[in-house]
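The primary structure of each chain is shown beneath.
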Amino acid sequence: MPLAPARVRFAPSPTGRFHIGSARTALYNYLLARQTGGQLIFRIEDTDQKRYIPEAEQEFVEALKWHGIKWDEGPDVGGPYAPYRQSLRGDIYHAQIEEMIDRGAAYACFCTPERLAELRKSQQARKEPPRYDGLCRRLEPSTAEERVRSGEKHVVRFKTPQQGETRGVDVLRGEIVVQNETLDDYILMKSDGLPTYHLAAMVDDHLMDVTHVFRASEWLPTFPLHVLIYEAMEWQQPAWVHLSVFLNPSGKGKLSKRDAEGSKSGSAVIFSLDLRNMGYLPEAVNNWMALMGWSYDDHTELFSMEELIEKFSIEKLNPSPAAVNYSKLDHFNGVYIRGLSVNELQKRIEPFYAQAGIETSASLLNQITPLIQERIRTLDEAVQISSFFFQDEVHPDPQDLIGKNLSPSESANAAREAQMLMDTKSSFEIEPLEAALRDLADQLELKPGQLFGILRIAVTGQRVSPPLIETMVILGRETVLKRVAEAVKLLERLNDSS
RNA sequence: GCCCCCAUCGUCUAGGGGACCAGGACGUAGCCCUUUCAAGGCUAAGACCGGGGUUCGAAUCCCCGUGGGGGCACCA
């Protein structure tokens, strides 16, 4: 059954980097919008002038694009509900707050931060929950209005009912009931004239006709307030969906950079752009993220963006917190890398060579890529595993050159024989070369693995490499001969000194 | 301290009263394949937090406890 077109929004605050938790929220929003033929709104919630970071918005845009999440309305593309930047919507909030005061749902408060701090202190000393004591709530509306008009510094608070209970419906959790007496008279408008999240987000969501609100479950504690605001203004509530939080890989605490468990970088990678820079594919990251807190069925785990759009459903969202699992990300990334065409993989790998200062050629890369495709889990590993292709010489550890169960002189001899064979062999192609080397091993009474092992280290300088014969053919006879000759010298020296 | 949320293998999860001696995936271990490493194939170990109810019957519903998480700002 197709759902009605959903209007959803991704509304980050430009106060920091783009976190994978935000990415997942944005993804779900995007999926629902696309699935239902609705719109995704990108809104900037920049009402905190103290924590504002100018570069943040740029990172959001870059990260969102990397993920492949596109929005229909936003500060850059405009739209019928513009502006999409809260700092530009001051008049709207002021009009709304005025109406709230008129309705008796909000009031001006002239208490100073100092008084509030003291109040909190004494309440805590008495082991009472810290809450506003309602001093200004008891002011006559007319006198409050006068003081406001005279320019007295003030905030505006929500007049929370002091009895009864508030019920809000979270789609994942059902009805959430809270006693009103446990709530506070939250500040809606700060003394600088800018709204808090509570006011701005509610006003915007309503005015922008948002139908579904996906947000982090950190908002659950103030959820009743938001319901109360909607009720006071007699607005129709959206469907509220509080997404579970991401926990550290250890399962202890909210995901933070500190927790390095299971991560290969020494600290948890929690920013989208860092994931990108480490060589993760956006399609793998999306797939991985989508599955933390959402599932489709028992046996399907691989989803393209198109499939996610088709299969996503709010009902299958899971309200419990999820510990991130980086090894599963690695797995997904490997799967997606293997699923790429050689050309596509080559295109994605190229920047990582450039970043490592390695100059590549398209034709060489074209030969190398299929060899490493099933051996790498992240794009940057391509560089590590194949850099020997691009170096003039390689520097193997002489000890590594000794063949399995062989002496240095036996190893040197085998290398010399191979060198001779490859020097004189007419064709330097995969099948004949492999056959010839196997014959040689046979003659020398070596296992192929022993001979190949020596050559592998000699030619690549690494214990682990792409398949040997293919590698040598790509490298070319001249380079191979040179490197084997070098290895022979190293082995002979080893022989002499031991 | 107060309020709220959550609770199935180490992790992500399937499960929404009988189909469950609980299924899948990652990870782990073993075997096979193999010139290294991977990839691939096969196999194994591994969970319903505890206690009360309700019911003929509970992983599934209710209550309590415990554990975990989140929040308690003129931040979002």
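The structure this text deals with has already been given above.
Residues numbered from 1 in each chain as written. Chains lettered and ligands numbered in written order. Predicted model: local features only at pLDDT ≥ 70, side-chain atom pairs only at ≥ 80, totals over all residues. Heavy atoms only, no water.

1. Topic: the overall build of chain A
Applicable threshold: Helix and strand assignments come from DSSP, with helices taken as H or I runs of at least 4 residues and strands as E runs of at least 2, each series counted from the N terminus. For the radius of gyration, the atoms used are the C-alpha atoms, and the globule rule reads 2.2 Å times the number of residues raised to 0.38. Under the scheme applied here, a residue whose accessible area is under 20% of the maximum for its type counts as buried, over 50% as exposed, and between as partly exposed, the area being computed with a 1.4 Å probe on protein chains only. Note on contacts: a residue pair is in contact if any heavy atoms of the two residues lie within 4.5 Å. Values of accessible area rely on a 1.4 Å probe in the Shrake-Rupley scheme; residue burial ignores everything except the protein chains shown. His is not counted, nor are the chain ends, whereas Lys and Arg count as positive and Asp and Glu as negative. All charge positions are set by atom: Lys at NZ, Arg at CZ, Asp at CG, Glu at CD.
What chain A contains, in helices and strands, is 20 helices and 11 strands. By the compact-globule yardstick of 23 Å for 498 residues, chain A is too spread out, its C-alpha radius of gyration being 32 Å. By its C-alpha atoms, chain A is 105 × 55 × 40 Å across when sized along the principal axes. For chain A, the proportion of its 498 residues judged to be buried stands at 48%. Contacts in chain A between residues at least 24 apart in sequence constitute 74% of all its contacts with a sequence separation of at least 6. As displayed, chain A offers around 24000 Å² of accessible surface, 49% of which is attributable to carbon and sulfur atoms. Each charge class in chain A was averaged separately, 56 positive and 71 negative side chains, and the resulting centres sit 4 Å apart.

2. Looking at the environment of Tyr-230
By secondary structure assignment, the location of Tyr-230 is in helix 7 (residues 223-232). In this structure, Tyr-230 is in contact with Met-202, Asp-205, His-206, Trp-235, Gln-236, Gln-237, Pro-238 and Trp-240, ignoring residues within four places of it in sequence.

3. Considerations on the layout of surface pockets
Just so we agree on the cut-off: Space inside and on the surface of the protein is sampled on a 1 Å grid over the protein atoms alone, with a cavity defined as a set of points where a 1.4 Å probe fits but cannot get out and a pocket as an open set with protein on both sides within 12 Å along at least 5 of 7 lines; lining residues have an atom within 4 Å of a point. Grid points are joined across faces, edges and corners, and a volume is the space filled by probe spheres set on the points.
Reported here for the largest pocket is a volume of approximately 1100 Å³. In this structure, the largest pocket is lined by 35 residues; those nearest its centre are Ala-11, Pro-12, Ser-13, Ser-22 and Trp-219. If you list the elements that add at least two residues to the lining of the largest pocket, you get strand 1 (7-10), helix 1 (20-36) and strand 8 (212-216). It is helix 1 that provides the largest number of residues to the lining of the largest pocket, a total of four residues.

4. A closer look at the nonpolar core
Keep this limit in mind: We define the nonpolar core as a collection of buried residues of types Ala, Val, Leu, Ile, Met, Phe, Trp, Tyr and Cys that are connected through side-chain atoms lying within 4.5 Å of one another.
With 104 residues, the main nonpolar core has Phe-214, Trp-288, Leu-317, Met-422 and Leu-437 as its most contacted residues. If you tally residues by element for this core, the top one is helix 1, at nine residues. Look past the residues within four positions of Met-422 in its chain and what remains in contact with it is Phe-428, Leu-433, Leu-455, Met-472, Arg-477, Val-480, Leu-481 and Val-484. One finds Ile-41, Leu-199, Val-227 and Met-233 within the second-largest nonpolar core, a separate group that totals 32 residues.

5. Some details on the sheet that holds strand 4 (residues 155-158)
Filter applied, for reference: Between any two strands, pairing holds if DSSP finds at least two bridges. All axes are obtained by fitting lines to C-alpha atoms, using only the stretch in contact for helices, and the reported angles, taken between N-to-C directions, cover 0 to 180 degrees.
The antiparallel open sheet is built from three strands, whose spatial order is 3-4-7. The strands lining the two open edges of the sheet, one partner per strand, are strand 3 (106-109) and strand 7 (187-189). Taking each pair of neighbouring strands and ignoring which way they run, the sheet shows an average axis angle of 40 degrees.

6. Examining the pattern of salt bridges
If the charged atoms of two oppositely charged side chains come close together, the side chains can form a pair. Counted only if it meets this: Salt bridges, as used here, are contacts in which a Lys or Arg side-chain nitrogen is within 4 Å of a carboxyl oxygen on Asp or Glu.
Counted under the stated rule, the structure contains 32 salt bridges. Here Asp-205 ties to Arg-9 by a salt bridge, and the two come within 2.7 Å at their closest N and O atoms. Here Arg-9 lies in strand 1 and Asp-205 lies in helix 6 (residues 197-207), a separation of 196 residues in the sequence. Across the pair, Arg-9 and Asp-205 agree in class, each one buried. The residue Arg-348 makes a salt bridge to Glu-283 at a minimum N-O spacing of 2.7 Å. Placement of the pair is Arg-348 in helix 12 (residues 342-355) and Glu-283 in helix 9 (residues 282-290), with a sequence separation of 65 residues. One network of salt bridges, in which partners are shared, links Arg-9, Arg-43, Glu-45, Arg-89, Asp-204 and Asp-205.

7. Focus on the side chain of Thr-160
By the element assignment, Thr-160 lies in the loop between strand 4 and strand 5 (165-170). Each residue touching Thr-160, except ones within four places of it in the same chain, is listed here: Arg-137, Asn-180, Leu-183, Asp-184, Asp-185 and Leu-228.

8. Structural notes on the environment of Ser-217
Within the secondary structure, Ser-217 sits in the loop between strand 8 and helix 7. Separated by 119 residues in sequence, Ser-217 and Glu-98 have C-alpha atoms that sit 30 Å apart. Other than its neighbours up to four places away in sequence, Ser-217 contacts Arg-173, His-242, Leu-243, Ser-244 and Val-245.

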